[in-house]
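A look at the structure
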Amino acid sequence: MRQLVQERTYSLTLTIVLIGLGAALVFPQTFPTFGNWSQLLLNLSIDTIVAVGMMLLLIAGVFDLSVGSVVAFSGGIAAYTMMVYGIPVPVAVVLTLIGAGLIGAVNGYLIAYQGINPMIQTLAMMGIVRGGALLISGSGIQNLPYWFNALSQSRLLGIQMPVWYMLLIVGTFAFLMNKTVFFRRYYYIGGNEQAADLSGIRVKRMKLWGFVLTSVLAGVAGMLLASRLGTALPTAGRGLELRVITAVILGGASLSGGHGKIIGALLGAMFMGLVSNVMVLTRVSGYWQDIILGLILIAAVWSDKALQKRGALA
Amino acid sequence: MKKLLLLSLLSLAACELPPRQASTTTALNTVSDSTALGADEEYVMVTTAVTMPMYINHDQAAFKRWGAKHGVNVSVLGPAEWDVPAQINIIEEVIGTRPSGLLINGTDPAIGPVIDKAVAAGIPTVVYDSDIPNSKRHAFLGTDWYEIGQMQGREMVRLLGGKGKIAYLGIFGLNSMETGFRGLLDVIKDYPGIEVVGKFDDRSNVEEAARITSNLLSAHPDLAGLCGFDSNSGPGIGLAVKEAGRVGKVKVTTVDWEPEHLQLVREGVIQMLAGQKRELFTWYGAQFLYDMVHQTNRLSAHDAQAGITNVPTSVNTGLLRITQANVNEFIHR
């Protein structure tokens with residue numbers, strides 16, 4: 001039982017189920033419906049895709065504050081290349097992903113090889129990339145090509161595509177982190193970087209790739225958001241970095257590295273989406289949401305500490 | 001491998017593409033007859049940056065006053081920060097709860113599709129503040145931001161006698177504000193004696209606006225005028241102009257009329273405010289929704305079937321021109 005409570009993915013799943021059951025009892029007409037759930041999942045899909053990358057970085061003991069700006073920038077780059085240069089949709093998508101990857105590569109190189117603090121580096125990049133997004137998109141680029149919009153606006157089994165992409169990405173990364181030697185090394189790096197280095201793991205290169213992957217995932221999320229809205233918004237993804245870090249910490253990651261599971265990123269985002277959904281149903285305004293989520297985050301981390309202490313004593 | 005291929009093909013077959021163009025049938029524009037009336041009647045406002053004092057003091061206060069006067073439930077929802085995708089998410093979730101009417105802050109053209117979704121669901125939907133002309137909203141009430149820009153431009157030309165250096169501040173990337181900037185520049189371009197030294201993003205932050213202004217005053221000692229486009233531009237510009245001891249020498253025009261703006265006009269720091277009539281946006285917006293739900297003014301035997309909206313489709317609530325001459329009327333309102 002103690003193990004069940006200590007393992008965040010289980011305790012979080014249990015909390016999600018309990019909140020879901022409670023909401024279903026109080027709002028039987030509106031909460032447990034296909035429409036509400038497909039909307040809830042759609043609303044958390046963009047954050048979750050970014051959270052997968054952030055989980056990987058936090059497992060390795062680093063993080064990236066520039067992801068929200070990359071979301072806005074990548075939507076803008078895709079829209080700009082398609083609308084201004086008339087570049088076909090698939091080429092624009094690939095170019096955008098390369099662009100996002102390059103931003104991650106700069107972050108990764110300066111952090112891993114030049115020893116710049118991740119917070120300072122990615123904070124600076126957050127500003128640079130947001131400025132770039134504003135330069136490209138102005139007040140937003142509208143009326144994007146049909147096939148670009150179809151990426152997010154199409155449905156499979158009645159559910160909008162970003163939900164499927166999210167599940168695919170979570171599934172793929174969960175598999176990679178569990179089953180492949182390459183990705184499992186991130187746990188060793190986060191657990192003890194020096195020991196990982198001494199055991200022959202190329203820590204710097206691994207970190208660089210971690211930032212590249214995270215940035216590419218933020219690029220995917222940014223394009224999906226622009227495609228869903230049919231508009232590239234330069235203000236998109238503002239505050240997303242902190243929301244995603246909150247979700248990932250709720251999902252079991254630790255800022256000191258070495259802990260977390262990819263599925264935790266989904267569960268953390270789902271928990272936050274559920275709280276937000278219930279607040280809409282109860283007509284509670286936005287500022288309460290921030291207060292409630294802040295309190296929950298403290299409670300989750302504090303209970304972890306308390307349980308660890310008890311575990312150590314037992 | 002074969003199984004995987006088969007699964008992929010099946011998935012593709014089950015994939016449903018979005019419509020090429022939104023349907024233009026009038027049926028979409030009609031209001032559902034099943035809308036809840038009486039005790040369950042509820043009007044929901046969805047905005048972004050729900051905590052912004054200007055929104056709370058004007059938009060939300062008038063909306064709540066309207067609800068109390070009519071004895072119906074009113075709710076205000078939205079993210080705490082300026083986050084358009086989050087506003088869209090909330091509107092999507094609210095549609096599922098089928099409120100009697102939806103009052104939506106027209107923050108960005110990107111909310112057009114979700115407005116259409118609300119209209120298609122038969123929910124009376126009114127947009128306020130900035131229009132979303134690409135949507136099927138039933139009605140719009142608000143300010144013409146181009147006019148705000150023009151009003152500031154004309155006042156600046158008058159104050160400077162048609163010559164001098166100016167700069168302007170606001171939030172970059174917002175449709176309404178970029179429209180306002182255009183209005184300003186379109187007036188200024190006819191006056192070659194006026195030189196625009198820059199456009200600055202104060203991110204709706206008083207400290208940022210003050211920092212930009214003080215830097216500008218150092219870089220351009222002959223700076224003659226400043227125009228502000230968001231609620232926090234005025235207080236920030238005012239602070240820096242006062243600290244630099246340039247009150248009255250640098251002419252300032254800006255938007256909105258919160259207590260701090262009015263005080264700055266009284267002190268002669270700001271020469272003119274282009275004030276929006278925000279109370280009217282939400283009071284009459286809610287009234288429009290109520291009149292649609294209750295079919296207060298029937299224009300045909302059955303307006304819904306005829307595809308008629310029985311309220312004005314577009315209302316420009318106009319602007320207030322607040323100067324030292326009339327500022328006391330607003331302070332003691």
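What counts and what doesn't
All chains use their own residue numbering, which begins from 1 and follows the written sequence. Labels follow written order: the first chain is A, the first ligand is 1, and so on. Only residues with pLDDT of at least 70 are given local features in this predicted model, and only at 80 or more are side-chain atom pairs given and counted; all residues enter the totals for whole chains, interfaces and linings. Side-chain numbers come from the whole structure's heavy atoms, not from hydrogens or water. Runs of H or I in DSSP of at least four residues are treated as helices and runs of E of at least two as strands, each being numbered from the N terminus. Buried means the residue's accessible area, taken with a 1.4 Å probe over protein chains only, is under 20% of the maximum for its type, while exposed means over 50%, and partly exposed covers the values in between. Side-chain atoms alone can form a polar contact between residues adjacent in sequence; in general such a contact is a pair of N or O atoms within 3.5 Å, and within protein one must be able to donate a hydrogen while the other accepts it. Note on contacts: a residue pair is in contact if any heavy atoms of the two residues lie within 4.5 Å. Whether two strands pair comes down to DSSP finding at least two bridges between them. Only the stretch in contact is used when fitting a helix axis, every axis being a line fitted to C-alpha atoms; angles between N-to-C directions are given from 0 to 180 degrees. UniProt positions are given in the numbering used here, feature names are shortened, and annotations may be inferred rather than shown by experiment. The term buried area means the drop in 1.4 Å probe accessible area that two parts suffer when joined, counted for both and summed. We count a salt bridge whenever a side-chain nitrogen from Lys or Arg sits within 4 Å of a carboxyl oxygen from Asp or Glu.

**Side note on the side chain of glutamate 155 of chain B**
Residue and element names in this part refer to chain B. Along the chain, the position of glutamate 155 falls in helix H5 (residues 145-160). Judged by relative accessible area, which is 5%, glutamate 155 ranks as buried. A distance of 2.9 Å separates a polar atom in the side chain of glutamate 155 from a polar atom in the side chain of arginine 321. Setting aside anything within four residues of it in sequence, one finds glutamate 155 in contact with Thr253, Met272 and Arg321.

**Here we look at the sheet that holds strand E12 (residues 314-316) of chain B**
Residue and element names in this part refer to chain B. Strands sit in the order E3-E2-E4-E5-E6-E12 across an open sheet of six strands; the sheet is parallel. Bordering the open sheet on either side are strand E3 (73-77) and E12, each of which pairs with just one other strand. On average, each strand axis in the sheet is inclined to that of its neighbour by 15°, with strand direction left out of account. As paired strands, strand E2 (residues 42-46) and strand E4 (residues 101-105) are joined by four bridges and run parallel to one another. By the bridge assignment for E4, valine 46 is matched with isoleucine 104.

**A word on the sheet that holds strand E2 (residues 159-160) of chain A**
On the basis of which strands lie adjacent, the open sheet formed by three strands has the order E2(A)-E1(A)-E1(B) and antiparallel pairing. Edge positions in the sheet fall to E2 of chain A together with strand E1 (15-16) of chain B, since each of these pairs with one other strand and no more. When strand E1 (residues 155-156) of chain A meets E1 of chain B, the two strands line up antiparallel, connected through two bridges. Residue arginine 155 of chain A lies in a different strand from E1 of chain B, and its bridge partner there is glutamate 16 of chain B.

**Notes on the environment of histidine 138 of chain B**
By the element assignment, histidine 138 of chain B lies in the loop between strand E5 (125-129) and strand E6 (139-142). Residue histidine 138 of chain B is classed as buried on the basis of its relative accessible area, which comes to 2%.

**Some thoughts on the UniProt feature "domain: Periplasmic binding protein" (unreviewed entry) in chain B**
The sites that UniProt annotates as "domain: Periplasmic binding protein" (unreviewed entry) are residues 46-293 of chain B. Helix makes up 48% of residues 46-293 of chain B and strand 21%, with an end-to-end C-alpha separation of 18 Å.

**Side note on the interface of chain B and chain A**
In this assembly, 40 residues from chain B lie in contact with 37 residues from chain A. For the pairing of chain B and chain A, the buried interface totals around 3,300 Å² over both sides, and the portion due to carbon and sulfur atoms is 57%. Counting the surface chain B buries against chain A, the share from its top three residues, Pro18, Arg20 and Glu93 of chain B, is 18%. Counting every contact that joins chain B to chain A gives three salt bridges. In this structure, the salt-bridge partner of glutamate 92 of chain B is arginine 228 of chain A, at a minimum N-O distance of 3.8 Å. Along the contact surface separating chain B from chain A lie ten residue pairs in polar contact (both at pLDDT 80 or more). For the side of chain B that touches chain A, the secondary structure elements donating two or more residues are helix H1 (2-14), E1, E2, E3, helix H3 (84-95), helix H4 (112-120) and helix H6 (175-188) of chain B. Broken down by element, the side of chain B that touches chain A gets its largest block of residues, eight residues, from H3 of chain B.

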